[in-house]
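# Survey of secondary and tertiary structure
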Amino acid sequence: KKIYPDDTKFSIGKANTLRDGTDATIIALGTEVSEALMAAQMLAQEGIQVRVLDAVTVKPLDETAVIHASKETGAIIVAENHNVKTGLFASVCETLAQNAPCIAHAVAIQDEFGEVGNYEELLHRFHLSAEDIAAQVKNAVEEKQKK
């Protein structure tokens, strides 16, 4: 799914806000950006307003955007098709721990080797679909409300 116009200019280390929201923030990367936007649309129908950031790069990470999202929404869900221990989630958690702790969940490959296959099948195999992202957002929002 096309997210940006062909002439879009990206800045290394600068996240792009694709949707605003106040209940939680999804920080997505790569192919997970379109899944994050679909999840946000699904959640909006349930009254949950989710900010969606395209991280664009992991290194350097837009720490300012991560910190603001933490302080403004109180819950971060990272969506990426990388290993949860070494990708975007790890970088986001380090930034949160040092600057603005909040609830953080990952939709990522759980410390296992990847596989080759049809894109849609792999999304479901590794629990990276819009539905999986939406479920993690609901968990995080529920957790945030209990505090």
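Look up a bit, the structure's there.
None of these values were measured; they are calculated from a predicted model. (Residues numbered from 1 in each chain as written. Predicted model: local features only at pLDDT ≥ 70, side-chain atom pairs only at ≥ 80, totals over all residues. Heavy atoms only, no water.)

## Here we look at helix H5 (residues 130–146)
Definition in use: Elements are defined by DSSP. Helices are runs of H or I of four residues or more, strands are runs of E of two residues or more, and each kind is numbered from the N terminus. A helix is expected to span 1.5 Å for every residue after the first. The buried label applies to any residue whose accessible area, calculated with a 1.4 Å probe on protein chains only, is under 20% of its type's maximum; exposed applies above 50%, and partly exposed to all values in between. By construction, the arc corresponds to the directions joining the helix axis to the C-beta atoms. For this analysis, residues touch if any pair of their heavy atoms sits within 4.5 Å.
Across its 17 residues, H5 extends 24 Å between first and last C-alpha, which sits within 8% of the 24 Å expected from 1.5 Å per residue. Turning to H5, its buried residues are Ala130, Ile133, Ala134, Val137, Ala140 and Val141. Seen from one end, H5 has its buried residues packed into an arc of 125°, which puts them on one side. In this structure, the buried residues of H5 make contact with strand E2 (24–28), helix H1 (32–44), strand E3 (50–54), strand E4 (75–83) and strand E5 (103–109).

## Considering the environment of Ser91
Note that Ser91 resides in helix H3 (residues 88–99). Once residues within four sequence positions are removed from consideration, Ser91 is found in contact with Val58 and Leu61.

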